Amino acid sequence: MRTVFRPVALLPLVLTAAGLLSLTLPAGSPGSLPNRLSGPLQANRFADSTALYLPGDLEATIWAESAMLFRPTSIDVDARGRVWVAEAAGNRPEGDGTTDGRITILTDGNGDGRADNQTIFAQDARLVRPLGVSVLGRNVYVSNAPDLLMYVDENGDDRPERAETVLTGFGGKNQRNGVHRMVAGPAGNYYVSVGDAVPYTITDRDGWTVQAGTMTDKQPGSDGRNWVGGLSLRIKPNGSGLKVMADGFHNSQAVVVDSYGNLWQADTDEKTHVSHINWVLEGGKAGFYAAGNRSANPVAMPGVMPTGEAIPNSSSTALLMNEDEKLGLPYRGTLLCADARQHRIVAYKPEIRGAGYQLVANELVSGTGSNGDVNAVFEPVAMSIGPEGAIYVASWHEAGAKSVGRIYRIAPKGRTLRNPQIDLRNTAGQLAALTNPAPQIRMLGFNALKQQGDEVVEALMPMVSSLNAYHRSRAVFLLAQLGPEGQFEVERLLKSPEAQTRIVALRALRSITPENSKANPALTPSQQVLLPLLGNLSVDQSVAVRREVCVALRDMPYADCRRILANLVQGYDGQDAYYLTALSEAADGKEEALFADLRPSFAADPAEWDARTANLVWALHTASALSLLRKRAEADQLPIDARRQAVSAIVAMQTPASQKVLAELTRGSDKVLAASATEAISTRKAKPQAATPTTPATTATPPSTTDKPDPTAMSPRDLLASKYGTYAERSKAVLELARTTDGARQLLDLIAENRLSNAMLRIAGPALLKHSSTAIRQQAAPYFEPKPASSATVTDSTKVATPKSAQRMSSGKPAAEPESTAVAVRKPVLPAPDSNKTTVAGNSDRRLVKSDIADIAELTGNAVTGQLLFKANCSRCHVYNQKGVDVGPELTNVQRQLDKAGLIESIVYPNASITPGYESWLISTTTGQTYYGFIASETAQALVVKGVTGQKHTIPVSAVSNRRRFANSLMPSVQTMKLSQQQIADITAYLLKL
């Protein structure tokens, strides 16, 4: 990424006059469009005498209903205009008698505006309450806690060939506060919301963990942070790069990301039936978790975002951002929110207000007439935009034992919206997909264009000057991922005269910038390149642009961003609550240093501080400001709100000294102050981001008995890591984890942490050693020893390598005896290596002995075929001739190191001679994380572990609690790759051709 600073006049950005004018308009909404939607609502009546009420220029039709669907929980519309429906488990009258949850495809085959065909795509016992379905090409993502699943339809026959677990560990198993629908963002990432069924631990494909709990029961994840309550998450398409965008929600039932990169969410408290619709500040806190318990109202503490739109007697179930004019210009730029409890859909017009947004509400669809009659059947639970621009709404109504499911279609009255032909085979079709109304279609265009790389930069540039601000933004996010030429164009837009364009450009550059974290604070090389750009933008005239700079500084060391942070503080006007929250994020972990720099500019007497100074000190709440804040709290000449703010800052410190001061204030003679201190303490007993993490073995404050979690609502991993659950529940959790690769990794982590009892180890052993994943079998082998086979048969059964005193086996299941999580796993007991034979699975699937190495060497290899085999089997871990992934040893010069027979032997016997530096290790840390892979480098201060996907993790040496070296190579065996002798010869010929 090049850093270029040029005057605006020199930027060769080609714009029409109209395009230049549009760049100067506010782009948080369509600019000149009215905030009010058109006219009063008018009745749309249906054959069953029910009605919906909409603006006069829109109409609603029933597109599908029971018996095609009964319990819809989520919908999506694919590129062909077909509606995919996720249905909860339960009886289906007029059905086939099955009760499992399912994913179905509904089609309007004759074009009459009503579904006439149903295809069952997947029916799965795991789908009890699937809260989300997202169709992205041939990958279908389904959210059903504890898993985010991906069904893959490789041949397009509407039947999945396989199902994978993208993420697992979510709390709220099969409940409404589990993991919700995944949506696409403009930079090619996915976003998903999670409810507050804590505690839970989520692990991505790279082993990166996110842990969520309550204020009194929390653990830091791989990022070094303690997250609380419901979360908003971001994930890369390959299941890696897990990042928390915000926390502290109740049940965040839906998130949506607009083309500017803004994150919006709908949060519902199921106890008080209050919903909150928010613009989400990256890294922000909703504030609904204080004192370890859920709170009906957000607690006004440092770092907590402004409340947003609060709706009583509500259940906000789905969000949608309509960025297209297909419904009509008044509806472009509207945030649609489905409310099942109020039988309606509300359209919000976001309006930029300082560093945040204000939402202006208009009722779009209502089930309640002007006479008060309610269409009870209309309980909207899900929405999706079709590729033609219509809005599809799923409704699920329970009438006693009867379930009524419907899908409504909202379209412009008097105009026919036709499904476009999506052609991704050429650039023009891909660009058309990128401008489609439906985000799932836009993602297909984005991915196809990205595959072309910098060859499409020129074709994309006209879209940068589009009159449609949403189209411009999508082009900018894509340009950043098209190599140096595209990134150069994006950097130039940081000088755009329009603030929203500058924000999008910065977000686009950040989307390709690997970032540090609280656990690994050193700046990445890309962040170091980004710093000068952030410095320029830290004095931007737009407070919203400066807010984005604040977010980018969150985990940066103070020495690297001191001047930038000073500029950002200088730009605070003393009033903008969103900007103050962003400043507190930017100062996170460096509050004391920043306060020391600011202190000389403050009045000596804290009673004389102006509102700006008081707000800054409150946001920083440093221990060194304790005496000043106490003096301000005790200043009876100040308004009570100013004194309460000082008390609030003292509560947020969470130090022994601050707690002593609070206790003294509650006992003081000033009754008003004493009452304020007592109230503040009761609403906040712990700081959201504790400075000192607690390890699994030394949790500071155990959960109270009143907060004892329900084992049936816990994820399998968290159930096994806890002290809860019966023997049967824990056994089931072991087998459930062992069923998938991601779950098996979590099981191995628990074993490495010595957190499984003997009984659970006996159940885990056979499942792990017979796992379909070679890597899992390799990682599990050191913890177990094989059970000798009988002379009659060969068996894969195993026994746990535990001390003799623990080796009590029953003839059936292990006895249901009390478990001890303190049982130590014995050091690895490895089977004796058999160096004389291995298996090569080919057409004959026969045994290969040492003498057959020579037979393979005598075969004539085909280098062209070998190149294809290498790409399919080896390039995911090896680089050859500048192609492949840098995980294992580079093979470009392998012919200088090994002759033909030696190379064949290294393929057939990967464990015989492991290249130095590529031994596999399991590293455990004091905070409970485990990392599996190679040790790429090690110093006296830190070691760098390269994971099996190539991602590097920097771990301070002081944080390493244990390290184990494995005797087995990470390279899969030839039988796993199903390579015949001829195929080995072909790969060898390709590798030796240079």
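Up top is the structure.
From a predicted model like this one, the values you see are computed outputs, not experimental measurements.

J.: I keep staring at the overall build of the chain and nothing clicks. Help me out?
T.: Helices and strands together make up the secondary structure of the chain, namely 27 helices and 43 strands. Sorting the 994 residues of the chain into buried and exposed places 57% on the buried side. Taking the contacts inside the chain whose residues are at least 6 apart along the sequence as the reference set, 60% of them involve residues at least 24 apart. Of the roughly 40,500 Å² that the chain leaves accessible, carbon and sulfur atoms contribute 52%.

J.: Can you help me understand the sheet that holds strand β12 (residues 183–184) in this one?
T.: Adjacent strands of a sheet form backbone hydrogen bonds with each other and so pair up, either parallel or antiparallel. One open sheet holds the five strands; their spatial order is β12-β13-β17-β18-β22, and the pairing between them is mixed. Looking at which strands have only one partner, the edges of the open sheet turn out to be β12 and β22 (284–285). Note: β12 against strand β13 (residues 190–194), two bridges, orientation antiparallel. What sits directly across from Val183, in β13, is Tyr191.

J.: Looking at this model, I keep getting lost on the pairing of strand β20 (residues 263–269). Mind explaining?
T.: Consecutive side chains of a regular strand alternate in pointing toward one face of the sheet and then the other. For β20, the buried fraction is high: seven of the seven residues fall into the buried class. On β20, burial covers both faces: Leu263, Gln265, Asp267 and Asp269 on one face and Trp264, Ala266 and Thr268 on the other are all buried. Linkage of β20 to strand β21 (residues 274–280), two consecutive antiparallel strands, is achieved through a turn of four residues, within which His273 is found at a positive phi near 60°.

J.: So what exactly am I meant to see when it comes to a negative patch on the surface here?
T.: Taken together, the side chains of Asp454, Glu455, Glu458 and Glu485 present a region of like negative charge at the surface. Relative to the elements of secondary structure, Glu455 occurs in the loop between α3 (439–452) and α4 (457–464). Judged by relative accessible area, which is 66%, Glu455 ranks as exposed.

J.: So what exactly am I meant to see when it comes to the packing of aromatic side chains here?
T.: Two numbers describe a pair of aromatic rings. These are the distance of the centres and the angle of the planes. Taken as a whole and judged by the stated rule, the model has 16 aromatic pairs. Here the aromatic rings of Trp264 and Tyr357 are separated by 5.2 Å at their centres, their planes lie at 70°, and the arrangement is edge-to-face. Placement of the pair is Trp264 in strand β20 and Tyr357 in strand β29 (residues 356–366), with a sequence separation of 93 residues. For Trp264, a relative accessible area of 1% corresponds to the buried category. Residue classification places Tyr357 among the buried positions, given a relative accessible area of 10%. These aromatic residues form a ring-pair network of at least three members: Trp264, Trp279, Tyr357 and Tyr578. Against the face of Tyr579 rests Arg546, its NZ or CZ located 5.3 Å from the ring centre.

J.: Explain the nonpolar core here, please?
T.: Within soluble globular proteins, side chains that are nonpolar tend to cluster in buried spots. Ranked by internal contacts, the top residues of the largest apolar core, which has 116 residues, are Trp264, Leu335, Leu460, Leu534, Leu553, Leu568 and Leu629. Not counting residues within four places of it along the chain, the set of residues in contact with Leu553 comprises Leu534, Cys561, Ile564, Leu565, Leu568, Ala586 and Lys590. Counting 32 residues, the second largest nonpolar core, distinct from the first, contains Leu748, Leu750, Tyr783 and Phe934.

J.: What exactly am I supposed to notice about the pairing of strand β28 (residues 344–353) here?
T.: The buried fraction of β28 amounts to eight of the 10 residues, a majority that puts the element mostly inside the structure. Looking at chain direction, strand β27 (residues 334–339) and β28 are connected through five bridges and run antiparallel. Bridged to Ala338 within β28 is Ile345. Here 10 bridges tie β28 to β29, and the two strands are oriented antiparallel to one another. From the neighbouring strand, Ile345 faces β29, where its bridge partner is Val365. In textbook terms, the turn of a hairpin is the stretch between consecutive antiparallel strands, and for β28 and β29 this stretch comprises two residues, one of which, Gly354, has a positive phi near 65°.

J.: Would you mind showing me how to read the pattern of salt bridges here?
T.: Side chains that differ in charge, positive against negative, can pair when their charged atoms come close. As enumerated under the stated definition, the model contains 38 salt bridges in all. Here Glu65 makes a salt bridge to Arg406, at a shortest N to O gap of 3.3 Å. Taken together, the residues span a long stretch of sequence, with Glu65 in strand β3 (residues 58–65) and Arg406 in strand β32 (residues 402–412) at a distance of 341 residues. The exposure class of Glu65 is partly exposed, given its relative accessible area of 26%. Of the charged contacts in the structure, one is a salt bridge between Arg71 and Glu398, with a shortest N-O distance of 3.9 Å. Of the two residues, Arg71 is situated in the loop between β3 and β4 (72–77) and Glu398 in strand β31 (residues 391–399); the sequence distance between them amounts to 327 residues.

J.: Which parts of the structure should I look at to understand unusual backbone geometry?
T.: Between Ser66 and the following residue, Ala67, the backbone shows a cis peptide bond with an omega angle of 20°. In this structure, Ala67 sits in the loop between β3 and β4. With an omega dihedral of 15°, the bond running from Ala145 to Pro146 counts as a cis peptide bond. Along the chain, Pro146 falls in the loop between β9 (139–144) and β10 (147–152). Even without being a glycine, His343 presents a positive backbone phi close to 55°. Relative to the helices and strands, His343 is located in the loop between β27 and β28. Under the relative-accessibility criterion, His343 is labelled buried at 15%.

Calculation notes
- Each chain has its residues counted from 1, following the order in which its sequence is written.
- Reporting of local features is limited, given that this is a predicted model, to residues whose pLDDT is at least 70; pairs of side-chain atoms are given and counted only at 80 or more, and all residues count toward the totals for whole chains, interfaces and linings.
- The side-chain figures draw on all heavy atoms in the structure; neither hydrogens nor water molecules are used.
- Helix numbering and strand numbering both begin at the N terminus, where a helix is a DSSP run of H or I of at least 4 residues and a strand a DSSP run of E of at least 2.
- Residue exposure (1.4 Å probe, protein chains only): buried if accessible area is under 20% of the type maximum, exposed if over 50%, otherwise partly exposed.
- A contact between two residues is defined here by any heavy atoms of the two lying within 4.5 Å.
- Surface exposure here means Shrake-Rupley accessible area, sampled with a 1.4 Å probe, where a residue is shielded only by the protein chains that are shown.
- Only strands joined by at least two bridges in the DSSP assignment are considered to pair.
- Each patch is assembled from residues with relative accessible area greater than 30% and no salt bridge, linking like charges that lie within 9 Å and nonpolar side chains (Val, Leu, Ile, Met, Phe, Trp, Tyr) that lie within 5 Å.
- Salt bridge, as used here, is a side-chain nitrogen of Lys or Arg placed within 4 Å of a carboxyl oxygen of Asp or Glu.
- Positive residues here are Lys and Arg, negative ones are Asp and Glu, while His and the chain termini are left out of the count.
- Charged groups are reduced to one reference atom each: NZ for lysine, CZ for arginine, CG for aspartic acid, CD for glutamic acid.
- Ring geometry is summarised as follows: Phe, Tyr and Trp rings, the Trp one being its six-membered ring, pair when their centres sit within 6.5 Å, and such pairs are stacked at plane angles under 30 degrees, edge-to-face over 60 and tilted between the two.
- Any Lys NZ or Arg CZ found within 6 Å of a ring centre and within 35 degrees of that ring's normal is scored as a charge over the ring.
- For our purposes a nonpolar core is just a set of buried Ala, Val, Leu, Ile, Met, Phe, Trp, Tyr and Cys residues, chained together by side-chain atoms within 4.5 Å.

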